[in-house]
Amino acid sequence: MRGLRRTAGAVAAALGALALGAALALLAGFLYAWVRGEPTGAMVAWILGLFFLAALLLGAFGATLPDEAAAAEAEAPAGEPVPAPADGVRSVDGGDEGEKAEEGEEGDWYDPLVFGLILVGLVAGGPFGIAGYEALKPTTGSTAPTAPAPAPAPGTTPSASASPSPSAAPSVTPGDAAVAWTVPATGGPYDTAPGAWAVGEAVVQIRSDGLSAYAVRDGAVRWNVPAPRREAVCATGREAVGNIGIVAFGRHRKPCAHLLAVHTSTGQVLWRQRAEGAGIPAYGLAVGGATVVVAEDRVVRGRAAETGEPRWQRPRDRGCAVRALDADDERVLLVEQCGAGARLVALETRTGEESWTTALPVESVVAAAVVSVTPAVVALNEEDPRGTHAVLAFDDRGTPRATIPVHGPAGTLALPDQVSETGRGGRAVVVGDRLIALAGQGSSAPHKVVALGLKDGRPAWEHAPEGGSVEALSPAPDGRIAVLAGGPGVVLLDATTGAPRGGTATKDPRAVVSLDPLLLLPATGAHVVLNRTPAPPAPALFALR
């Protein structure tokens, strides 16, 4: 009977240690996720359950241990009275002495056996806890509660999936373009969209609270990736490359340091990492070929785009800060400010080796934007009113070419937000040997599109569409320049001559453009408009077809 009891105790001890090891491993995973601000799901309930199970099993093991009173009685000095045994129990004299000897022999091996089983159980429970952490960790790339479903065209019945039906509104006259679908604005603080990516047959909206992808054809939600708990998007790569996009998150008044790479076709989170030091500047992220380039606290670091594995790093000189960064397959281009001066640095994307460095005409604090990596074109906006406020072009060796003033004969150029002088940013693109941008007069809204030569800065052509205003531009997939004009409508321009080569216009009341600058995304089969800070009735997104 004693042997059966001890066997049961050993099994209970091993299982209790197994549950305890799993609980400790799962607790470590929970603390890791909690510190990073990631969702923890039902981990707490499982941790408490495992600790309770471990206590129950170890308690059962304790119940099988020998009675301490009996052990003390057996060790009593000779001559002291020993209580008479109960009926049916052998006296101490005689056969019981052999039983004690047998118990002592069993104790010699039983205690080390139980100790070993407990150690094995604790170690073996670790993998079970890790597997539980992976299973209980909420997935990011499937659903997000904040992503709105696109709205169908008026007069249609929404389907169960809330995907819109691309039918024209009743007010659209024959020959006009229709709004194929819209994504309504909620009017909340999370509607702010710092960027977006066009990725083939989908567009990815980057909002402060996460990422959402929509099909260009019908606006159906492809995937959502929510921001970590209490974090917001604080930096983003300008474009997704090779189906990989990069963003960074940060908590309120904390460093922008939580990197996340996502597969733009599936929404799968490829990797997460924390940047070192004081975090990432707002324009310090880029994807170039198979490399993600990040401006961190004291280094510029290249990581493998698919895994996040570090490939190279370039330490920054003391007193220098990165003002702008972008990359393509071959080159990384960054603007560094060192004291009152600044320089333009070109690195090889794959290795991080420096190709050339050029001093910039800067003598005060400067804001900068990389307009094009190849050819090298940057925009500068100095704090000094008499300083450099221009777009600068360079050849492949870093030799300066044209300097195009922001306020020049062609008008006031609409440039990216960080260098905008009018409070209204806009995208400028380089096609061939020309800079193409929106332009206006002074602080007024842009009313035309201009093309300026990168060799001499002279105007090559300009186009002022009917309606008196232009809102955004982007390169179309076929090489033309798509311009969102007042109305709204999209005019397609020949990049070489500026001549109109097609377009669409609509009177659909759902095609509302917000007051905040917006983006026109170069999608296949439609023109997708992003209102960066929409307020009803302006939608967050809408597509013209």
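Residues numbered from 1 in each chain as written. Predicted model: local features only at pLDDT ≥ 70, side-chain atom pairs only at ≥ 80, totals over all residues. Heavy atoms only, no water.

Okay, a positive patch on the surface next. Among the surface-exposed residues, Arg229, Arg230, Arg251 and Lys254 lie close enough to one another that they form a single positively charged patch. For Lys254, the position within the fold is in the loop between strand S7 (244–251) and strand S8 (258–263). (Patch = residues over 30% accessible without salt bridge, like charges linked within 9 Å, V, L, I, M, F, W, Y side chains within 5 Å. Areas by Shrake-Rupley, 256 points an atom, 1.4 Å probe, with all protein chains shown as cover. Salt bridge = Lys/Arg side-chain N within 4 Å of Asp/Glu carboxyl O. Lys, Arg positive; Asp, Glu negative; His and termini not counted. Charge placed at Lys NZ, Arg CZ, Asp CG, Glu CD. Helix = DSSP H or I, 4+ residues; strand = E, 2+ residues; numbered from the N terminus.)

Val391, Ile404, Leu413, Leu415 and Leu435 are the most contacted members of the largest nonpolar core, which totals 21 residues. At the level of elements, strand S18 (366–372), strand S19 (376–382), strand S20 (389–394), strand S21 (400–405), strand S25 (434–440) and strand S26 (448–453) are the ones that each hand at least two residues to this core. With three residues, S25 is the single largest residue contributor to this core. When near neighbours in sequence (up to four residues on either side) are disregarded, Leu435 contacts Val371, Val391, Ile404, Leu413, Ala428, Val429, Val430, Val450, Ala451, Leu452 and Leu454. If you look at the next biggest cluster of nonpolar residues, it comprises 19 residues, including Leu360, Val373, Ala376 and Val378. (Core = buried A, V, L, I, M, F, W, Y, C linked by side-chain atoms within 4.5 Å. Buried < 20%, exposed > 50% of the residue type's maximum accessible area, 1.4 Å probe, protein only. Contact = heavy atoms within 4.5 Å.)

Overall, the prediction assigns the chain a mean pLDDT of 82, with 80% of residues at 70 or greater. Segment residues 84–103: pLDDT under 50, and 13 contacts once partners within four positions in sequence are set aside and those in other chains are kept. Confidence over residues 151–175 falls short of pLDDT 50; this stretch has 40 contacts with residues more than four positions distant or in other chains. (pLDDT = per-residue confidence, 0-100.)

Now for the state of the cysteines. Counting across every chain of the model gives two disulfides. A sulfur-sulfur distance of 1.9 Å marks the disulfide that ties Cys234 to Cys256. The S-S bond linking Cys234 to Cys256 shows a torsion near 85°; that makes this disulfide right-handed. Remark: Cys256 occurs in the loop between S7 and S8 and Cys234 occurs in strand S6 (residues 231–236); sequence separation between them is 22 residues. Among the residues examined, Cys234 registers a relative accessible area of 27% and is labelled partly exposed. Each disulfide pairs two cysteine sulfurs, and for Cys320 the partner residue is Cys338, the sulfurs being separated by 1.9 Å. Here the S-S torsion is close to 115°, and the disulfide linking Cys320 with Cys338 is therefore right-handed. (Disulfide = S-S within 2.5 Å.)

Attention now goes to unusual backbone geometry. Note on backbone geometry: most residues besides glycine have negative phi, and most peptide bonds are trans. The residue after Thr374, namely Pro375, is reached through a cis peptide bond having omega -5°. Looking at where Pro375 falls in the secondary structure, it is placed in the loop between S18 and S19. Here the phi dihedral of Arg253 falls at roughly 60°; this positive angle occurs in a residue that is not glycine.

What the four strands build is an open sheet, ordered S1-S34-S33-S32; its pairing is antiparallel. The sheet is open, and its two borders are formed by strand S1 (179–183) and strand S32 (518–521), each paired with just one other strand. Between one strand and the next, the sheet's axes are offset by a mean angle of 15°, whatever the strand orientation. Note that strand S33 (residues 527–531) and strand S34 (residues 541–544) share four bridges and pair antiparallel. Directly across from Val529, in S34, lies its bridge partner Phe542. (Pairing = 2+ DSSP bridges. Axes fitted to C-alpha atoms, helices over the stretch in contact; angles between N-to-C directions.)

Together, Asp329, Glu330, Glu348 and Glu353 line one region of the surface with negative charge. You can see Glu348 is positioned in strand S16 (residues 341–348). The class of Glu348 is partly exposed, set by a relative accessible area of 34%.

Alignment of S20 against S21, held across four bridges, turns out to be antiparallel. In the sheet register, Val391 faces S21, and the bridge partner there is Ile404. In this structure, the hairpin formed by S20 and S21 is closed by a connection of five residues, where Gly398 is found at a positive phi of approximately 90°.

The next thing to look at is the pairing of strand S4 (residues 210–215). Most of S4 is tucked away: six of the six residues are buried. Burial along S4 is two-sided: Gly210, Ser212 and Tyr214 and Leu211, Ala213 and Ala215, pointing in opposite directions, are all buried. Note that strand S3 (residues 202–207) and S4 share six bridges and pair antiparallel. Directly across from Arg207, in S4, lies its bridge partner Gly210. Two successive antiparallel strands, S3 and S4, enclose a turn made up of two residues. Remark: five residues form the turn of the hairpin made by S4 and strand S5 (residues 221–226), two consecutive strands paired antiparallel; Gly219 in that turn has positive phi of roughly 80°.

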